[in-house]
Amino acid sequence: MSVLIDKFDVFAGGFWLTLQICVLAAIGALILGAIVAVLRISPVPPLRAVGTAYVNIFRNMPLTVVMFFAAFGLPALGSNADFLRIPGMDAVFTRLGTDLPYFRFALIALVLYTAAFVCEALRSGVNAVPAGQAEAARSLGLTFGQNLRYVVLPQSWKASIVPLGSVIIAMIKNSALVGFFGVVGDLSQTADQLTSAEGYAFIPVAIGISIGYLIMTVPLGALLDRIEKRQAVAR
Amino acid sequence: MRMKRVAALAAAATLALGLAACGDNGSDEGTGSGGESKSFAAGSTMERLNKAQAIKIGTKFDQPGFGLKGLSGKPEGFDVEVAKIIVKELGIPEDKIEWVETPSKVREDVIVNGTVDLVAATYTINDTRKERIAFAGPYYEAGQNILVKKDDTTITGPDSFKDGTKKVCSVTGSTPAEEIKKHVKDVATQLVLFDTYDKCRDALKGGQVDAVTTDNVILLGYIAKDEASFKLAGENFTKEPYGIGVKKEDTDFRNFVNDTLEKAYSDGSWKKAWDDTAGKFGAELGNPPAVNRY
């Protein structure tokens, strides 16, 4: 088990990079997921179709395949995902701005994939709001946007926060895949590095990276539990 | 009616299998006599394997020229041929070898856990690995080199990565990946690691990286497949002695493998193994490397 102490800096570095990609992917997935959810519940049929198609494609495709398309399909189309080199952001998240595009590719894949689940979690929340609420708002003359913003979404939030948290936890664990698509130095790739290049036994290293993931997921889970309890009181 | 037919088929199949098994036993006696003529010290690994008339060998299934499992269903390559030379010396027929796929990251574990009896899998001898297992050999000395696009003149060797602009790809957890880290200015912006070299080659073709680095023999395999697109940049800049991995405490078995390798050097079977496999890519074999009996 001495590897955990000897190589603490390697584990810490891996943890930091995984945390970066998870934070960015969570932000991206929440934004994109919210947009797709609005499409899916919009009153305009073609928009609804687009939202449904998106969810059907990305929810039903394995993440590995999405990663493959991002890491090897985008370059074939001539894109290095340079639009993600957001000024300011790349000062904090240094990997966003590098010439090597694989961090951006992995981020795109993770966001596209997770957004489908975020969309469904949000939509289930919206469906939990009694239909009378939206009808009442409409009869008051509120537009679709106003209806969502002032009546439906604030109430749906309560019902969707817990499933949303589960989606994000799943996404953190899914991020273990990025190390196999060219992102050097995240937690999972760190394990590979320590076991095969530096010859450490696999089990202690696996325990080390598991601790890394647990540090991210367990507090998030505990937070969700608390929110759920508070909601129970509010009701 | 249907059931009956299935049952009959099954019975016939069992019968055929039984017959086949009998046939195997028969042929075993024939080759077995060759095996019995060899005698090994009591209690040694050689004696155990010879008695069992079976051996498990770890090799790569995805390494052109060294260990590649193709349509034949059996791995083929230089590592495989060298392993066969050792197995022959143990008095075990070739068809009694059980090949086990050992990608880079499990090689020590399968030896330590006893999943296989020996590992021949482009296995570079180094001190970290010697802490957990022991190496016989080396039986080949490769060297790290750099693969670039044919029209690239800016990369001439490992020092071309020092200024921090050129990007390079290798395989995660491999020795060449560790080596090139010493030559790049910033790992985060210059180094990409994948699980296979095929992905690196695609990245080089697509222009995401400027070079692929690993042992010369592997790169020569890619050039052999696509001479119009790739070339090597400069000379080998490391020495990668490939050894045979055995259990750390099993010095007798290690000495036996070393003896066998030396014998194979002198009787020409080592050179023949090379010419039939990796030699086809145009890699130089050179003189036999002296085995290291540490």
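Since this is a predicted model, take the numbers as computed values, not measurements.

Definitions and cut-offs
- Residues numbered from 1 in each chain as written.
- Chains lettered and ligands numbered in written order.
- Predicted model: local features only at pLDDT ≥ 70, side-chain atom pairs only at ≥ 80, totals over all residues.
- Helix = DSSP H or I, 4+ residues; strand = E, 2+ residues; numbered from the N terminus.
- Contact = placed C-beta atoms within 7 Å.
- Domains from an automatic or database assignment.
- Nonpolar A, V, L, I, M, F, W, Y, C, P; charged D, E, K, R; others polar.
- Pairing = 2+ DSSP bridges.
- Core = buried A, V, L, I, M, F, W, Y, C linked by C-beta atoms within 7 Å.
- Buried ≥ 20, exposed ≤ 12 C-beta atoms within 10 Å, placed from the backbone.
- UniProt positions renumbered as here; feature names shortened; annotations may be inferred.
- Expected span 1.5 Å × (residues − 1).
- Arc of directions from axis to C-beta.
- Axes fitted to C-alpha atoms, helices over the stretch in contact; angles between N-to-C directions.
- pLDDT = per-residue confidence, 0-100.
- Parallel < 35°, antiparallel > 145°, perpendicular 65-115°, else oblique.
- Left-handed = near helix turned anticlockwise from the far one by under 90°.

(A) Representation of the overall build of chain A within the structure. Counting secondary structure elements, chain A contains ten helices and zero strands. Beginning at the N terminus, the succession of helices and strands in chain A can be written as α-α-α-α-α-α-α-α-α-α. Counting only C-alpha atoms, chain A reaches 70 × 50 × 35 Å along its principal axes. Partitioning the intrachain contacts of chain A with sequence separation of at least 6 by distance along the chain shows that 74% fall at a separation of at least 24.

(B) Main features of the domain arrangement of chain B. Residue and element names in this part refer to chain B. Along its sequence, chain B is carved into domain 1 (39-141 + 241-281) and domain 2 (144-232). When each unit is reduced to the centre of its C-alpha atoms, the spacing between domain 1 and domain 2 is 28 Å. Listed as interface residues are eleven residues of domain 1 and, on the opposing side, ten residues of domain 2. Here the residues of the side of domain 1 that touches domain 2 are counted per class, giving three nonpolar, six polar and two charged.

(C) View of the sheet that holds strand β3 (residues 67-69) of chain B. All names here are of chain B. The three strands lie next to each other as β2-β3-β4, forming an open sheet whose pairing is antiparallel. Two strands bound the open sheet, and with one partner strand each, they are β2 (62-63) and β4 (75-76). Relative to β3, β2 runs antiparallel, the two being bridged by two bridges. Among the inter-strand pairings, Q63 is bridged to a residue of β3, identified as G67.

(D) Representation of the nonpolar core. With 124 residues, the main nonpolar core has A25, A106, L107, A109 and F181 of chain A together with V192 and A211 of chain B as its most contacted residues. Among the elements that line this core, the one with the most residues is helix α6 (residues 102-128) of chain A, at 19 residues. Counting contributing residues, this core receives three or more from each of domain 1 (39-141 + 241-281) and domain 2 (144-232) of chain B. Residues contacting A106 of chain A, with those up to four places away along its chain left out, are I21, M67, A70, V178, F181 and V183 of chain A.

(E) The interface of chain A and chain B, seen in detail. Between chain A and chain B, the residue contacts involve 23 residues of the former and 26 residues of the latter. In terms of residue count, the dominant contributor to the side of chain A that touches chain B is helix α9 (residues 187-197) of chain A (six residues).

(F) Broad picture of the UniProt feature "transmembrane region" (unreviewed entry) in chain A. UniProt marks residues 15-39, 60-81, 101-119, 159-181 and 201-224 of chain A with the feature "transmembrane region" (unreviewed entry), using the numbering shown here. Taken end to end, residues 201-224 of chain A is 96% helix and 0% strand, and its two terminal C-alpha atoms sit 35 Å from one another.

(G) A look at helix α3 (residues 45-60) of chain A. All names here are of chain A. Helix length check: α3, at 16 residues, gives a terminal C-alpha distance of 22 Å against a target of 22 Å (1.5 Å per residue), a fit within 8%. If you check which residues of α3 are buried, you get G51, Y54, V55 and F58. Projected down its long axis, α3 carries its buried residues within an arc of 95°, all on one side. Those residues of α3 that are exposed and aimed more than 90 degrees away from the buried face are P45, P46, A49, N56, I57 and N60. In the core, the buried residues of α3 are packed alongside α2 (8-41), α4 (63-76) and α6.

(H) Structural context of the sheet that holds strand β8 (residues 144-149) of chain B. Residue and element names in this part refer to chain B. Taking strand neighbours across the sheet as the criterion, the five strands line up as β10-β9-β11-β8-β12 in an open arrangement whose pairing is mixed. The outermost strands of the open sheet, each flanked by one partner alone, are β10 (191-194) and β12 (230-232). Neighbour-to-neighbour, the strand axes of the sheet open up by a mean angle of 30°, direction not taken into account. Strand direction decides the pairing type here: β8 and β12, joined by three bridges, are antiparallel. When the bridges of β12 are listed, V148 appears paired with K231.

(I) How the structure looks around the pairing of strand β9 (residues 168-171) of chain B. Residue and element names in this part refer to chain B. The side-chain alternation of β9 yields two buried faces, one formed by V168 and S170 and the other by C169 and V171. By the bridge criterion, four bridges tie β9 to β10 in an arrangement that is parallel. Following the sheet pairing, V168 is matched in β10 by L191.

(J) Broad picture of the confidence of the model for chain A. A residue-level look at chain A finds 98% of positions with pLDDT of 70 or above and a mean pLDDT of 89. Of all secondary-structure elements in chain A, the lowest mean pLDDT belongs to helix α5 (residues 89-92) of chain A, at 74, while α3 of chain A reaches the highest, 95.

(K) Inspection of the UniProt feature "domain: ABC transmembrane type-1" (unreviewed entry) in chain A at higher detail. In the numbering used here, UniProt assigns the "domain: ABC transmembrane type-1" (unreviewed entry) feature to residues 15-224 of chain A. Across residues 15-224 of chain A, the secondary structure splits into 77% helix and 0% strand, with the terminal C-alpha atoms separated by 22 Å.

(L) View of the UniProt feature "domain: Solute-binding protein family 3/N-terminal" (unreviewed entry) in chain B. Mapped onto the present numbering, the UniProt feature "domain: Solute-binding protein family 3/N-terminal" (unreviewed entry) falls at residues 54-281 of chain B. Structurally, residues 54-281 of chain B is divided into 34% helix and 26% strand, and its ends, taken at the C-alpha atoms, are 32 Å apart.

(M) Molecular detail of the confidence of the model for chain B. Residue and element names in this part refer to chain B. When pLDDT is averaged across chain B, the result is 83; 87% of the residues are at 70 or more. Every residue in residues 18-36 scores below 50 in pLDDT, and together they form seven contacts with partners more than four places removed in sequence or on other chains. The complex model carries a pTM of 0.72, and its ipTM stands at 0.73.

(N) A look at the pairing of strand β13 (residues 240-247) of chain B. Residue and element names in this part refer to chain B. In terms of residue burial, β13 counts as a mostly covered element, since six of its eight residues are buried. In terms of strand pairing, strand β7 (residues 133-142) meets β13 through seven bridges, oriented antiparallel. Following the sheet pairing, Y140 is matched in β13 by Y242.

(O) Inspection of the packing of helix α3 (residues 78-89) of chain B against helix α10 (residues 251-267) of chain B at higher detail. Residues and elements named next belong to chain B. Two elements in contact, α3 and α10, have axes separated by 10 Å at closest approach and are oriented at 110°. In terms of orientation, α3 and α10 fall into the roughly perpendicular class. Crossing angle aside, the handedness with which α3 passes α10 is right-handed. Here I85, I86 and E89 of α3 lie close against α10, whose contacting residues are V257, T260 and A264. For the contact of α3 with α10, a count of residues per class yields four nonpolar, one polar and one charged.

(P) Focus on the packing of α6 of chain A against helix α8 (residues 144-174) of chain A. All names here are of chain A. Contact geometry of α6 with α8 gives a least axis separation of 7 Å together with a crossing angle of 150°. Comparing the axis directions of α6 and α8 gives the class roughly antiparallel. Remark: the crossing between α6 and α8 carries right-handed chirality. Across from L110, T114, F117, V118, A121, L122, S124, G125, V126 and A128 in α6, the residues of α8 making contact are V152, S156, W157, A159, S160, P163, L164, V167, M171 and N174.

(Q) Spotlight on the environment of K150 of chain B. All names here are of chain B. When you line up the elements, K150 lands in the loop between β8 and β9. Sequence separation between K150 and G58 is 92 residues, and the spatial gap between their C-alpha atoms is 35 Å. Ignoring sequence-local partners within four residues, the contact set of K150 consists of A228, S229, F230 and K231.

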